[in-house]
Amino acid sequence: MFLPFFENLRQRAVPVTLREYLAFLDGMQKGLTTYDIESFYYFARTAMVKDERHLDRFDQAFSETFKGIEDIPNDAVLDALDLPEEWLRKMAEKHMTEEEKAQIEAMGGFDKLMGALKKRLEEQKGRHQGGNKWVGTAGTSPFGAYGYNPEGVRIGQHESRHRRAVKVWDKREFRNLDDSVELGTRNIKVAMKRLRKWARDGAHEELDLDGTIRATAEHGYLDVKTRPERRNAVKVVLFLDVGGSMDDHVKVVQELFSAARTEFKHLEYYYFHNCLYEGVWRDNARRWTEQIPTHEVMNTYGSDYKCIFVGDASMSPYEIAIPGGANEHWNEEPGQVWLQRARRQWPQHLWINPVPEKYWPYTQSIHMIRQIFEDRMVPMTLEGIERGMKELGR
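Residues numbered from 1 in each chain as written. Predicted model: local features only at pLDDT ≥ 70, side-chain atom pairs only at ≥ 80, totals over all residues. Heavy atoms only, no water.

Here we look at helix 12 (residues 250-263)
No. 1: With 14 residues, helix 12 should reach 20 Å at 1.5 Å per residue; the first-to-last C-alpha distance of 20 Å fits that figure.
No. 2: Every buried residue belonging to helix 12 is among Val-252, Val-253, Glu-255, Leu-256, Phe-257, Ala-259, Ala-260 and Glu-263, and all of these are buried. (Helix = DSSP H or I, 4+ residues; strand = E, 2+ residues; numbered from the N terminus. Expected span 1.5 Å × (residues − 1). Buried < 20%, exposed > 50% of the residue type's maximum accessible area, 1.4 Å probe, protein only.)

Description of helix 1 (residues 3-11)
No. 1: Turning to helix 1, its buried residues are Phe-5, Phe-6, Asn-8 and Leu-9. One side of helix 1 carries all its buried residues, which in axial view fall inside an arc of 160 degrees.
No. 2: Those residues of helix 1 that are buried are in contact with helix 2 (18-29), helix 3 (37-48) and helix 4 (55-66).
No. 3: Once helix 1 ends, the next one or two residues include Ala-13, with phi positive near 65 degrees. (Arc of directions from axis to C-beta. Contact = heavy atoms within 4.5 Å.)

Comments concerning the pattern of salt bridges
No. 1: Within this structure, the stated rule accounts for 13 salt bridges.
No. 2: For Arg-343, the salt bridge goes to Glu-374, with nearest N and O atoms at 3.3 Å. Residue Arg-343 is located in helix 15 (residues 335-345), and its partner Glu-374 is located in the loop between helix 16 (364-372) and strand 11 (377-379); the two are separated by 31 residues in the primary sequence.
No. 3: Overall, Glu-374 belongs to the exposed group, its relative accessible area being 55%. (Salt bridge = Lys/Arg side-chain N within 4 Å of Asp/Glu carboxyl O.)

Comments concerning the packing of aromatic side chains
No. 1: Under the criterion given, the structure shown has 28 aromatic pairs.
No. 2: Taken together, a centroid distance of 5.8 Å and an interplanar angle of 65 degrees make the contact between Phe-5 and Phe-58 edge-to-face. Here the residue Phe-5 occupies a position in helix 1, and Phe-58 occupies one in helix 4, the gap between them amounting to 53 residues.
No. 3: Owing to a relative accessible area of 1%, Phe-5 belongs among the buried residues under this scheme.
No. 4: Ring plane angle 55 degrees and centroid distance 5.9 Å describe the contact between Phe-24 and Phe-40, whose orientation is recorded as tilted. A residue pair is termed long-range when its members are at least 10 positions apart, and Phe-24 in helix 2 and Phe-40 in helix 3 qualify at 16 residues.
No. 5: An aromatic cluster is built from Phe-2, Phe-5, Phe-6, Tyr-21, Phe-24, Phe-40, Tyr-41, Tyr-42, Phe-43, Phe-58, Phe-62 and Phe-66, whose rings are joined through pairwise contacts. (Phe/Tyr/Trp six-rings, centres within 6.5 Å; stacked < 30°, edge-to-face > 60°.)

A look at the sheet that holds strand 9 (residues 306-310)
No. 1: On the basis of which strands lie adjacent, the open sheet formed by five strands has the order 6-5-9-10-11 and parallel pairing. In the strand order of this sheet, the two ends are held by strand 6 (266-272) and strand 11, each with one partner. Sheet twist, expressed as the mean angle between neighbouring strand axes with direction ignored, is 25 degrees.
No. 2: Taken together, the seven bridges between strand 5 (residues 235-241) and strand 6 define a ladder with parallel strand orientation. Bridge pairing links Leu-240 to Tyr-271 in strand 6. (Pairing = 2+ DSSP bridges. Axes fitted to C-alpha atoms, helices over the stretch in contact; angles between N-to-C directions.)

What to know about the confidence of the model for the protein chain
No. 1: When pLDDT is averaged across the protein chain, the result is 75; 64% of the residues are at 70 or more.
No. 2: Helix 15 holds the highest mean pLDDT among the elements of the protein chain, 97, whereas strand 2 (residues 153-155) holds the lowest, 38.
No. 3: Here residues 124-166 scores under 50 on pLDDT; set against residues more than four positions off or in separate chains, the count is 105 contacts. (pLDDT = per-residue confidence, 0-100.)

Next comes the structure, spelled out in structure tokens:
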């Protein structure tokens, strides 16, 4: 019955294997999740998805396969359940207060309880008023309708009164993790991990969380593990294009900048406009009064730094190719001369472009920058950033 789900996952390029599918079936057979669509969703996602980039595709496949499952009539679900009275009594003894037990007995016992529950469900289906409905005896009312209960077997509901049963697969909270879309700060950090080069920083120790969890599970008691503190030793100089057409990309560039400052201990950053010229700056409010000579920057940071340019590379070709082509000042030397100097100073370099890659061929200046950088330009997507970090790490 789950084969269409497996096929939908494969059609949406989620790399699920037969082994993962069989593990999922085995878990279902052992009853790891029953009668709870949200629990089933999380179990299926855990079994089938091994890379967070595929979470959004999984959500789409799940929604397509199981669309409408929560709209199954409540009485049909109830009739399909074979719940022994003894089970209900044990649940009551475990979870219900004495007052709730007395209320059930006053109704005439569990037979009357189940009859009242069916009647309530029929009324609920007609009015569509929402609320959590549970089969079991641990709710705030004896039937679980119109109430709240953290345990039991949930049966059909139209909407949630306590916001616990959100259709997460329709919300698609992970859509920005897809490797073909723009990034958020968290996702950029994930992509930049490829550029890590660990080095010890002093003799201080830090908690080894993974080691502690592993040792505690093995020994049966809390076994705290530590390790020498490590820092990312990679050094980066970052040039950020600001103003003009880059105003359309302010948010994503801010996210990249935030991620880079968190990820790299040794990070130096400077701003430029459109193309690199003889001066750069750190404070955009003082871009004309406190410029820093680009030669000074090149002489300050050695060739062991990795150089990253971030910009849309969208400008007049004259700004790249000829003296005086800059649109805000007179430049004695063409922008391409300064870009070539930067490439020579920092052999490991990269240009990250927030413009979608499919539009690059239609802008002449992007083509010119790509030529200068010998095609070391990547789009600002998860896949693009990872590709760029891999290139810089060589």
